[in-house]
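Per-entry structural report
Take a look at the letters that make up each chain.
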Amino acid sequence: MNQPSPVPRSRSWVRTILVRLYTLSIMLIVVWTSYTAVAYLFGSVFTPTVVPPELLTWAGELNTDTLRANDGTTRRVQPPRAPVGHYHGVDRWFQPDRHNNCTTVGCHEPLPHTKRKEVRAFANLHATFLDCRTCHDANISGPVGVHWISTVTGREQETPALLRLMNELETAGDTIQNAPAEIHPTILEQLRAVIVGIGGDSALENLLVRIDTSQPGSPVWRQAVARLETELPNYTRGDYSAKIALRAPPEDLNEPTRRYLAAAPDSPEREKLNQSIHKSVISRPDACLTCHGDDPPRLDLAALGYPPSQVAALLSAPTVRLIQRTIEGEPFYLPRILEPDDAR
Amino acid sequence: MNRNVRCSIILALGIVSTTTTPSWSADPENCLSCHRYRGLGRIADDGKTIATYHVDPNYDDRALGPHARLRCTDCHERSEVTVVPHHSTRPVDCTQSCHLVEPGRPEMRFGHARIAEMLEGSVHTQEVLETCNRLLGHPVGPGQSFCLLCHDEPVFRKSDERRVDQETPVSRCAVCHDEQLPVNPRYMYWHVHARSRPARSHAELTRACAMCHSNEAVREAYGLPDTTASYLLSFHGKAMLLGSEETAGCLDCHVGQLQNVHLMQARTDPASPTHPTRLGDSCRNSACHAAAGEAVSAAAVHLELTPSARREPATTATSQPNADRASTEGTRVEFYVAIFFVVLILFTFGPSVVLLSLELLQVVVGRHGPEHVRHRQRAETLLADPAGRRALVRFTLHQRIQHWLLFATFSTLVITGFPIKFADQSWARDVVSFLGGLTVTRRLHRWAGVLMLAGFVYHLGYITWFMWKQRRATRRPWLRVLLDLPMVMRGRDWKQLWHLLGHLLFLRTTRLPGGRFSLQEKFEYFGVFWGCILLGITGSLLWANEWTSRYLSGRVLTIAFLIHTFEAFLALLHVGVVHVAAVIFAPGVFPVSRAMWTGDTPADKLADAHTGWLDEAEQAVAATKGDA
């Protein structure tokens, strides 16, 4: 089809080679496409129709594999319905911590507490926003220096936007009342950060639009801000994309961990490494009351950015009492005073 | 008041004050103060299964579903869950009564016991559900309600409206419905609004049904064909995959009007809407094909071409009369139609690809006919002469206009039609979504089809005009004029093709001189001609399906659907692979052939495939000059 043009021989030679290679690739594409099409044609007529996986995928149970497969802060659980046999909707998993060596190497699960029946679920509740060492470090006692670290980057970060905004709304009542324009940009900025942090939420996004598009101080603005204040506590579910961790840097355990994983199971060396890795770890810390009951508590919640109402609730006498009785294995009966008459 | 009670009061007040529970909350026990945490859960003793105790607080606070008004203890045994740590909880019995409390109104008791009774009279009896659960590997645990096989926490289906549009009517209701006229406007609004549509999307329903109806063990036990697969092959299934909610889902056919899903009967039951005696009326219900003929029910809603898929699994003692067996029977004609098109595609597209590949191979190995250089010089000489250039115009302006019209309509048809054919592919959903949804896509497809047919009519008119001119000039009979049209295949074309094949296979050194149009081009033209007629007729039948079913069997629709889809596939292959490679990517024409812009053909192409046409052009030029 192509004839060489009257050009220098070297250029002509290169051009010929290029044209032939190009033609060969086109030829291969034609053959491959045709083969694929004919194969599809035969398949569509002579083999039974295959139902797409998304229509057949259903989870019979929630298991550790799905938990470990969790790869992002906004990842929704698939398929969209709850696993068969689990009634309540499971919209998304809790946020994974990619920088927690204890779980990422595969030794401990992201829900690590399994032994003590009376506290294991409560302890796991804390595992999504407390670094393991905060409770299990044998070398700490009394108040300790802590900070927030991002579970995404592993680096120190400021107080999560959700807590900052709750704090702002709780403590800046006067400003909201008297100088709404002053606090308006802060609310918007922090609300945007909250939405990103929790992986998107249509109700908060709607409130963001309402606040953003109304005049600060107007009735619409005030109503939206008031609604925001009542909505936000619902999002304190342990999902902050961040964890509370000790300021003291952790010991570098990468090398012993690598050797531990490489060692033969049940070998003395493995056992020795295990002890070495866990030498400063308390397996059953008495951390519940040190945080919730001690005065001063182990964690300075106010300094961590918790709003005053949350701090008060977490350190309140009834909370301490509930924890104390739970640890002691005594039943704690929930109050019924606020329930309707029939329930008492 | 002892100390414990005092503590309890303070705790409750503390929690209430910090969680700021809305006044309509259905969580007076404050269970959500702990259960709202996603991490509340544990890994079971088997080291694998996760027990999660997280409950979405938004479900109650935002009245997301019909159960939002219930307290936790309406379902969970109070004595087990009002103590910390909770006692081992008994599975929830969905048939137990619960308390519905509306502010300012007396308490109502409500339960689903009636549903259990309904199920016992349906095809999905307790025994069937139990067997299915066993065959599925016990996803519903011991003591749990079998409702969970199909249901999870029911959620009101929100519309696609913006949130502000959804909230506006609620706030409008709230003007009056406050403490003075107590009712939860958000809950009531969504309860009514959501119930105006099915509770679940078609995709969710299909998924729920497929859990058993596409499960090998369940199908084996009950002698069922894979009804999900056969549904997906029909238009309804494809539309469902593309997100259409207007199409027919499982319940639209299998649940009778004014009935509910819990009363579903087997197809063999005369009370079933899919019973052969009632199916026609079910299709023609006012929400679906109201204007259709009764024969519409013969169209395959469960279409399975493959004979092996139609074969029934061995029935066992648990088998009921097979409800769906008949639905996939009697598709033999449809199967043969499909076979016909497979053969047609193999024997039309196959040779075209072989010829194209061999042509490309000639370039790869650098092979030309022995007189290629001479012919090329002839072509270049002619193209340099205005008279010769005029004589070598292969496509007139009219023809080019027809080509571009065909190009535009064909491209639109491909873009709007193939996502429907390949509805199970994720790209198909993206394309349909980009085009504005299935309804818009189908509308575009149909009107592009109408335009293509208009172009076809234009072409027929053009041919008639051309033939009339030829007849007037030559005085030959109409048939002769027709057979002498440049695009009509003749005996010598086949001889030339045979010779060409020998040349491309390195068995002959020369090509026979080709005329204005090669056999491949004539073949492509014939394909387009035949395709326009076939696609036009079948497309019209499908578009006017209600009219069709009034006068013809519904199976005609199925056959038209198959012909339409296979013929379109053949057209796409020919145009997308052979034609595009030849006119865009082939080395002699890359980046695009000028033929359809200017009507010219490159000298190389003329020297290779149209030397006979060069002879004719030379004679015409010589005659013109002689005359001059």
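Everything quoted here is computed from the prediction, not taken from an experiment.

1. Side note on the overall build of chain A
- Broken down by element type, chain A carries 16 helices and four strands.
- Sorting the 344 residues of chain A into buried and exposed places 45% on the buried side.
- Split by element, the accessible area of chain A, about 17,600 Å² in all, is 58% carbon and sulfur.

2. Considerations on the state of the cysteines
- Tallied over the full model, the rule gives zero disulfides over all chains.
- The closest cysteine sulfur to the non-disulfide-bonded C107 of chain A is located on C102 of chain A, 8.3 Å from its own sulfur.
- Classification of C107 of chain A as partly exposed rests on a relative accessible area of 40%.
- Cysteine C34 of chain B remains unbridged, with the sulfur of C31 of chain B as its closest cysteine sulfur at 8.9 Å.
- With relative accessibility at 26%, the residue C34 of chain B sits in the partly exposed group.

3. Description of the packing of helix α25 (residues 519-543) of chain B against helix α27 (residues 554-585) of chain B
All names here are of chain B.
- For the pair α25 and α27, the least separation of the axes is 9 Å and the interaxial angle reads 150°. Classed by the angle they form, the pair α25 and α27 counts as roughly antiparallel. Crossing geometry of α25 relative to α27 is assigned as left-handed. Taken together, the residues of α27 that come into contact with α25 (itself represented by F523, E524, G527, W530, G531, L534, L535, T538, G539, L541 and L542) are V556, L557, A560, F561, I563, H564, E567, A568, H574, V578 and H579.

4. Some points on the domain arrangement of chain A
All names here are of chain A.
- Taken as a whole, chain A is organised into domain 1 (63-159 + 240-327) and domain 2 (161-235).
- Its C-alpha centre places domain 1 at a distance of 30 Å from the equivalent point of domain 2.
- Taken together, the contact pairs 14 residues of domain 1 with 12 residues of domain 2.
- Taken over both partners, the interface formed by domain 1 and domain 2 buries close to 1,100 Å², and the fraction arising from carbon and sulfur atoms is 52%.
- Between domain 1 and domain 2 we count one salt bridge in total.
- Joining domain 1 to domain 2, the criterion identifies six residue pairs in polar contact (both at pLDDT 80 or more).
- Taken together, the residues of the side of domain 1 that touches domain 2 break down into five nonpolar, seven polar and two charged.

5. Quick word on the sheet that holds strand β2 (residues 156-157) of chain A
Residue and element names in this part refer to chain A.
- Read across the open sheet, the three strands follow the order β2-β1-β3; overall the sheet is antiparallel. Two strands in the sheet have a free side with no partner beyond their single neighbour: β2 and β3 (242-246).
- As defined by bridge partners, strand β1 (residues 146-150) adjoins β3 across five bridges and the pair is classed as antiparallel. Across the sheet, the residue bridging to S150 is A242, located in β3.

6. Brief notes about the domain arrangement of chain B
All names here are of chain B.
- As far as domains go, chain B holds domain 1 (3-164) and domain 2 (223-330).
- For the domain 1 and domain 2 pair, buried surface summed over both sides reaches about 800 Å², with 59% attributable to carbon and sulfur atoms.
- Taken together, domain 1 and domain 2 are joined by zero salt bridges.
- Joining domain 1 to domain 2, the criterion identifies two residue pairs in polar contact (both at pLDDT 80 or more).
- Across the side of domain 1 that touches domain 2, the residue classes tally to five nonpolar, four polar and one charged.

7. Some thoughts on unusual backbone geometry
- D295 of chain A connects to P296 of chain A through a cis peptide bond whose omega is 0°.
- When you line up the elements, P296 of chain A lands in the loop between α14 (287-292) and α15 (308-314).
- V84 of chain B connects to P85 of chain B through a cis peptide bond whose omega is -5°.
- Along the chain, the position of P85 of chain B falls in the loop between β3 (83-84) and β4 (98-100).
- Phi angles above zero are rare outside glycine, and S241 of chain A is one such case at about 60°.

8. Description of a nonpolar patch on the surface
Residues and elements named next belong to chain A.
- Together, W13, V14, I17, L18, L21, L24 and L28 make up an exposed nonpolar region whose accessible area comes to about 690 Å².
- One can find L28 in helix α1 (residues 9-46).
- What makes L28 exposed here is its relative accessible area of 52%.

9. Regarding the interface of chain B and chain A
- Counting residues at the interface gives 119 residues for chain B and 102 residues for chain A.
- A buried area of about 10,000 Å², summed over both sides, lies between chain B and chain A, and 63% of it is on carbon and sulfur atoms.
- By the criterion of area lost to chain A, the three top residues of chain B are R38, V84 and R207 of chain B, representing 8% of everything that side buries.
- Scanning the region where chain B abuts chain A turns up three salt bridges.
- In this structure, the salt-bridge partner of R38 of chain B is D239 of chain A, at a minimum N-O distance of 2.5 Å.

Reading the values: the criteria
- Residues numbered from 1 in each chain as written.
- Chains lettered and ligands numbered in written order.
- Predicted model: local features only at pLDDT ≥ 70, side-chain atom pairs only at ≥ 80, totals over all residues.
- Heavy atoms only, no water.
- Helix = DSSP H or I, 4+ residues; strand = E, 2+ residues; numbered from the N terminus.
- Buried < 20%, exposed > 50% of the residue type's maximum accessible area, 1.4 Å probe, protein only.
- Areas by Shrake-Rupley, 256 points an atom, 1.4 Å probe, with all protein chains shown as cover.
- Disulfide = S-S within 2.5 Å.
- Axes fitted to C-alpha atoms, helices over the stretch in contact; angles between N-to-C directions.
- Parallel < 35°, antiparallel > 145°, perpendicular 65-115°, else oblique.
- Left-handed = near helix turned anticlockwise from the far one by under 90°.
- Contact = heavy atoms within 4.5 Å.
- Domains from an automatic or database assignment.
- Buried area = accessible area lost by both parts, 1.4 Å probe.
- Salt bridge = Lys/Arg side-chain N within 4 Å of Asp/Glu carboxyl O.
- Polar contact = N/O pair within 3.5 Å; in protein donor to acceptor, adjacent residues only side chain to side chain.
- Nonpolar A, V, L, I, M, F, W, Y, C, P; charged D, E, K, R; others polar.
- Pairing = 2+ DSSP bridges.
- Patch = residues over 30% accessible without salt bridge, like charges linked within 9 Å, V, L, I, M, F, W, Y side chains within 5 Å.

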